[in-house]
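# Coordinate analysis (summary)
Residue-level listing of the chains:
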Amino acid sequence: MPALPVYPRVFIAILLNTPAELGLDVITFDYRGIGRSAPASLKGFDVDFRDWARKDLQAVVDKMRSKTLPLFLLGHSYGGHALGLIDNHQHINAAYFFGTGAGWHGWMPKAERLRVQLMWHVVAPLITRVQGFLGWSKLGMGEDLPLGVYKQWKRWCGFPHYFFDDEQYPGMQDKFADVKTPIKAVNAIDDKWAMPRSRDAFVKYYQGSVRISEDINPKNLGLITIGHMGYFRRQSQVLWPDILNYFENHS
């Protein structure tokens, strides 16, 4: 079974002005229910994906926004979704996404597609029925996830265009179209969870943004693999200067 995106503490970073050795002030945070923001038990803990955006990321933007200094968003996977779910996106000068995609198994390679469907329809339902949340940690598969996050994620991954195809959430297309923040979305061609075609199926809904999409081949960068979780690993530092260059161009 493949590991799921685990939403680690580097999951979303807000960069303000000028990482320490490079002259940037950086804030990272855990969404409620994971990492250091997790309660003693996730059983009965009521939170979903939209809460992570509207209650957590939105609060960070409010805290860090400045009248004189630029504010930037660096997001991984769900980080590229969250920008369109907050109401204060206008305070972010530019956003850079790694591994953002629509989540649908149909965008994945065939073997991965089968493993993912096994996860959604067999493994995860058994775990959540027993534990009351998606308890991955004891299986060595990443962060435990609140039940609401799991249910919402599973539902949206059943649609080719994620929540944009979900009739239970009308208005998503208009909400994302309101975002004017310039965006660069970078995906590795070996990222089986968010292949470039999956990214393209999602980021096109940022209709009001100037968007740049880039596909990266790990071998062209001297890397063996990147996958879905390798963008922020130390061996992938070759990717990072482009983030700063992009942000500098929007200062």
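Residues numbered from 1 in each chain as written. Predicted model: local features only at pLDDT ≥ 70, side-chain atom pairs only at ≥ 80, totals over all residues. Heavy atoms only, no water.

### Looking at the pattern of salt bridges
Counted by the stated rule, this structure contains 10 salt bridges. Close ionic contact of D62 with R65 constitutes a salt bridge, the shortest N to O distance being 3.3 Å. A relative accessible area of 40% places D62 in the partly exposed class. Accessibility expressed as a relative area gives 41% for R65, which makes it partly exposed. Salt-bridge contacts for E112 lead to R115; the nearest nitrogen and oxygen are separated by 2.7 Å. Here R115 and E112 lie together in helix α3 (residues 110-131), a separation of 3 residues that amounts to about one turn. By relative accessible area, which is 4% here, E112 ends up buried. Take R115: its relative accessible area is 32%, and that puts it in the partly exposed class. Salt bridges sharing common partners tie together K184, E214 and D242. (Salt bridge = Lys/Arg side-chain N within 4 Å of Asp/Glu carboxyl O. Buried < 20%, exposed > 50% of the residue type's maximum accessible area, 1.4 Å probe, protein only. Helix = DSSP H or I, 4+ residues; strand = E, 2+ residues; numbered from the N terminus.)

### Things to note about the confidence of the model for the protein chain
Per-chain confidence: the protein chain averages 89 in pLDDT, with 90% of residues scoring 70 or above. The low-confidence segment residues 1-18 (pLDDT under 50) makes 94 contacts with residues lying over four places distant or belonging to another chain. (pLDDT = per-residue confidence, 0-100. Contact = heavy atoms within 4.5 Å.)

### What about unusual backbone geometry?
Phi at S77 is positive, roughly 55°, even though this residue is not glycine. In this structure, Y162 takes a positive phi of about 60° despite not being glycine. Its place among the elements puts Y162 in the loop between α4 (147-156) and α5 (172-177).

### Things to note about the nonpolar core
By size, the foremost hydrophobic cluster in this structure holds 53 residues, and its most contacted members are W52, L83, Y162, F163, F176, F202 and Y206. Only α1 (49-64), β3 (71-76), β4 (94-98), α3, α4, α5, β5 (183-188) and α6 (196-203) provide two or more residues apiece to this core. Top element by residues in this core is α1. It accounts for 7 residues. Listed in part, the 15 residues of the second largest apolar core include F72, Y96, Y231 and F247. (Core = buried A, V, L, I, M, F, W, Y, C linked by side-chain atoms within 4.5 Å.)

### Points about the side chain of S198
Within the secondary structure layout, S198 lies in helix α6. Discounting chain neighbours no more than four positions away, the residues touching S198 are G101, A102, G103, W107 and W193.

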